[in-house]
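# Chains, contacts and geometry: an overview
Here is how the chains run, residue by residue.
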Amino acid sequence: MKITLLEPLGIPASVLAEYQAKLEAAGHSFTAYDTKTADPAELLARTGDSDIAIIANTPYPASVVEGAPNLKLLNVAFTGIDHVGLAACKAKDVMVCNAAGYSTQCVAELALGLAVACLRFLPACDRVTRTGGTSAGLRGREIGGKTVGIVGTGAIGTMTARLFLAFGAKVISYSRTVRPEVEAMGVEYVSLEELMERSDIVSVHTPNNAETKGLISGELIARMKPTAIFLNTARGAIVDNAALAQALNEDRIAAAGIDVFDMEPPIPEDYPLVTAKNTVLAPHVAFLTDESMLRRAEIVFRNLDAYLAGKPENVCKL
């Protein structure tokens, strides 16, 4: 099989070399690119006549899928696959696998970190300390005793619930699937409307698909408490971000911690959340840690081994 890694995986060269040597010893061809490109023509050129292509979060549009003559497997080093031309993959019978599970811990930790940053005014604390300021106006709030609403109790949502529970919060959740193991943690499942109304902190953890796009509407945001905090480390398209920015600017909610947007960073200067009040922004880094990159690579190459053995794993439904 001809296998091509189209972008860096963020792991040491020595680790990648070990994976490459194993594949080549088994008789496969392996090529790795050490730069990213979002240009479809360049992506198609890099893919060439590969049987298997590996990408991370770089968009891989339908035109590239359709133009790759031998493509049989698209191995996505990412949890979400909404950046892939899935309809084209289905039409060409190209299997898509993902790296589910690699970022569970780090995304949950960032959600908690954004909550702390909002509740304790950490960006403002840093700013005033560096400019001779004091603690005046920076009286914060605690997570302990708050009600946290988790939207989506997949692996990441469940881990986020665990972390908030450890901080002494009460956790409620909305999800399409009620999980007994989550209920056993003491989490109460409620409707989405009730979750938005009751929560002091709302944290979003659903995939972006046809069912969840725009799920958190302006109407739902309007149900939130004026003291509530909104967190999104999932996907920007799940939320009406213009409505969220308006709610922040009108003091209808207290703060927001956002790692994902309607586009990948860099974010345009006129994007509503860039200038919204009381907002802590991050440039889509929730998945990005030393540990998660190594876990991701391990899953990606395990996906390869499984596929080559005729027993594919982490196969995504198209």
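See the structure printed just above.
Residues numbered from 1 in each chain as written. Predicted model: local features only at pLDDT ≥ 70, side-chain atom pairs only at ≥ 80, totals over all residues. Heavy atoms only, no water.

### Here we look at the sheet that holds strand β5 (residues 95-97)
Here we have five strands laid out as an open sheet, ordered β2-β1-β3-β4-β5, and parallel in their pairing. Lying at the two open borders of the sheet, with one neighbouring strand each, are β2 (29-32) and β5. Pairwise comparison of adjacent strand axes, ignoring direction, gives a mean angle of 15° for this sheet. Sheet contacts for helix α1 (residues 13-25): β1 (2-5) and β2; angle to β2, the most-contacted strand, approximately 155°. (Pairing = 2+ DSSP bridges. Helix = DSSP H or I, 4+ residues; strand = E, 2+ residues; numbered from the N terminus. Axes fitted to C-alpha atoms, helices over the stretch in contact; angles between N-to-C directions. Contact = heavy atoms within 4.5 Å.)

### As for the nonpolar core
Ranked by size, the top nonpolar core spans 42 residues in total, and within it Phe-30, Tyr-60, Leu-74, Val-76, Phe-301 and Leu-304 carry the most contacts. Going through the elements one at a time, β1, α1, β3 (52-55), α3 (62-67), β4 (73-76), α4 (86-92), β5 and α12 (290-308) are the ones with two or more residues in this core. It is α12 that provides the largest number of residues to this core, a total of seven residues. In contact with Val-76, not counting residues within four places along its chain, are Ile-55, Ala-56, Ile-81, His-83, Val-84, Val-96, Cys-97, Asn-98 and Ala-99. Within the second largest apolar cluster, 29 residues are counted, among which are Ala-256, Ile-258, Phe-261 and Tyr-271. (Core = buried A, V, L, I, M, F, W, Y, C linked by side-chain atoms within 4.5 Å. Buried < 20%, exposed > 50% of the residue type's maximum accessible area, 1.4 Å probe, protein only.)

### Looking at the packing of aromatic side chains
Taken as a whole, this structure holds five aromatic pairs when the rule is applied. A ring pair is formed by Phe-30 and Phe-301, whose centres lie 6.0 Å apart and whose planes are at 50°; its orientation type is tilted. Taken together, the residues span a long stretch of sequence, with Phe-30 in strand β2 and Phe-301 in helix α12 at a distance of 271 residues. Ring geometry for Phe-261 versus Tyr-271: centroids 5.8 Å apart, planes at 80°, classification edge-to-face. A residue pair is termed long-range when its members are at least 10 positions apart, and Phe-261 in the loop between β11 (255-258) and β12 (279-281) and Tyr-271 in the loop between β11 and β12 qualify at ten residues. Both residues of the pair, Phe-261 and Tyr-271, belong to the buried class. Clustering of aromatic rings is evident, with ring pairs tying together Tyr-19, Phe-30 and Phe-301. Positioned above the aromatic ring of Tyr-102 is the side chain of Arg-296, whose terminal nitrogen or guanidinium carbon lies 5.9 Å from the ring centre. (Phe/Tyr/Trp six-rings, centres within 6.5 Å; stacked < 30°, edge-to-face > 60°. Lys NZ or Arg CZ within 6 Å of the ring centre and 35° of its normal.)

### Looking at the state of the cysteines
Summed over the entire model, instances satisfying the criterion amount to zero disulfides. Cys-316 supplies the cysteine sulfur nearest to Cys-89, a cysteine that is in no disulfide, at a spacing of 9.9 Å. In this structure Cys-97 is a free cysteine whose sulfur lies 6.6 Å from that of Cys-316, the closest cysteine sulfur available. Its relative accessible area of 0% is what places Cys-97 among the buried residues. (Disulfide = S-S within 2.5 Å.)

Remember that the coordinates give geometry; whether it matters functionally is a separate question.
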